Amino acid sequence: MVEIGKVKLDKGWLAARSTEVDLTGVQLTTTHPPTGPDSPWMEAVVPGTVLATLVKNKLVPDPFYGLENEAIIDIADSGREHYTFWFFKTFHCKLSGNQYVDLNFRAINYSAEVYLNGHEKVLPKGMFRRHSLDVTDILLPDGENLLAVLVHPPDHPGTIPPEGGQGGDHEIGKDIATQYVEGWDWIAPIRDRNTGIWDEVSISVTGPVKIVIPTWFHHSLTITRGHICIRPLNW
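Residues numbered from 1 in each chain as written. Predicted model: local features only at pLDDT ≥ 70, side-chain atom pairs only at ≥ 80, totals over all residues. Heavy atoms only, no water.

All right, on to the pattern of salt bridges then. What the rule picks out here adds up to 13 salt bridges. Here E70 and R191 are joined by a salt bridge, their closest N and O atoms 3.7 Å apart. Pair noted here: E70 is in the loop between helix 2 (50–56) and helix 3 (75–78) and R191 is in the loop between strand 9 (144–152) and strand 10 (201–206), with a separation of 121 residues, a long-range link. Of the residues examined, R191 reaches a relative accessible area of 8% and is grouped as buried. Its salt-bridge partner being D74, residue R193 comes within 2.8 Å of it at the nearest N-O pair. Of the two residues, R193 sits in the loop between strand 9 and strand 10 while D74 sits in the loop between helix 2 and helix 3, which places them 119 residues apart along the sequence. Pair check on accessibility: R193 and D74 agree, each one buried. Overlapping salt bridges, with partners in common, bring together K6, K8, R106, D199 and E200 in one network. (Salt bridge = Lys/Arg side-chain N within 4 Å of Asp/Glu carboxyl O. Helix = DSSP H or I, 4+ residues; strand = E, 2+ residues; numbered from the N terminus. Buried < 20%, exposed > 50% of the residue type's maximum accessible area, 1.4 Å probe, protein only.)

Written out as structure tokens, the structure reads:
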């Protein structure tokens, strides 16, 4: 039995370029999980971007030093598949009879398919979308669970004109993402366009009832009276 509350999943992640993994998400989370940072798998930075993981493993230079960013291939030249990555993690969660659990992603850039113990969920696209998945019924009885996330870059990563400029060709503006990743007057182009699981991942264990997004509405500028709106979810 686990305690009620939230547990961050921010350690023990592995990552691999999708073109170097000849397995499906179902296979990775059932019969053929990676067992460690053996090629093509490597230690991953989560929360973080694909580029952060590549820097951590010394596969590309640190773009924050000198002109090292020029040595990193841009997604416009490599293609989106070069920065499409698998992220994998195991976690323990064994529930009692009246407990429930959500798997939460506070932000993924840009789109992703989530696999947990052989079950797939395609997430809606968007760099800033929050996702909460009820996974109570697909946790394994022994409590050891296998999680794999296939993360894709923005649909319109754009290109960087030779003369540079603010926002490159602005194609990234077609997506729900940040335009500065194509370069601006204060930052060089970000080669992977910030692709990755760039914000918190967690599991939330609750009882049979949970309250989601409590909201306070006030009726005057002095906030002397108001009411609270809650959204109860009954299982």
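Moving on from the model shown.
Quick look at unusual backbone geometry now. Outside of glycine, negative phi angles account for most residues, and trans bonds account for most peptide bonds. For the bond running from S39 to P40, omega is 10°, close enough to zero to count as cis. Relative to the helices and strands, P40 is located in the loop between helix 1 (25–28) and strand 3 (42–43). Cis geometry marks the peptide bond from V46 to P47, where omega comes out at 0°. Examined against the element boundaries, P47 turns out to sit in the loop between strand 3 and helix 2. Non-glycine residue N117 carries a positive phi angle of around 50°. In this fold, N117 is placed in the loop between strand 6 (111–116) and strand 7 (119–122).

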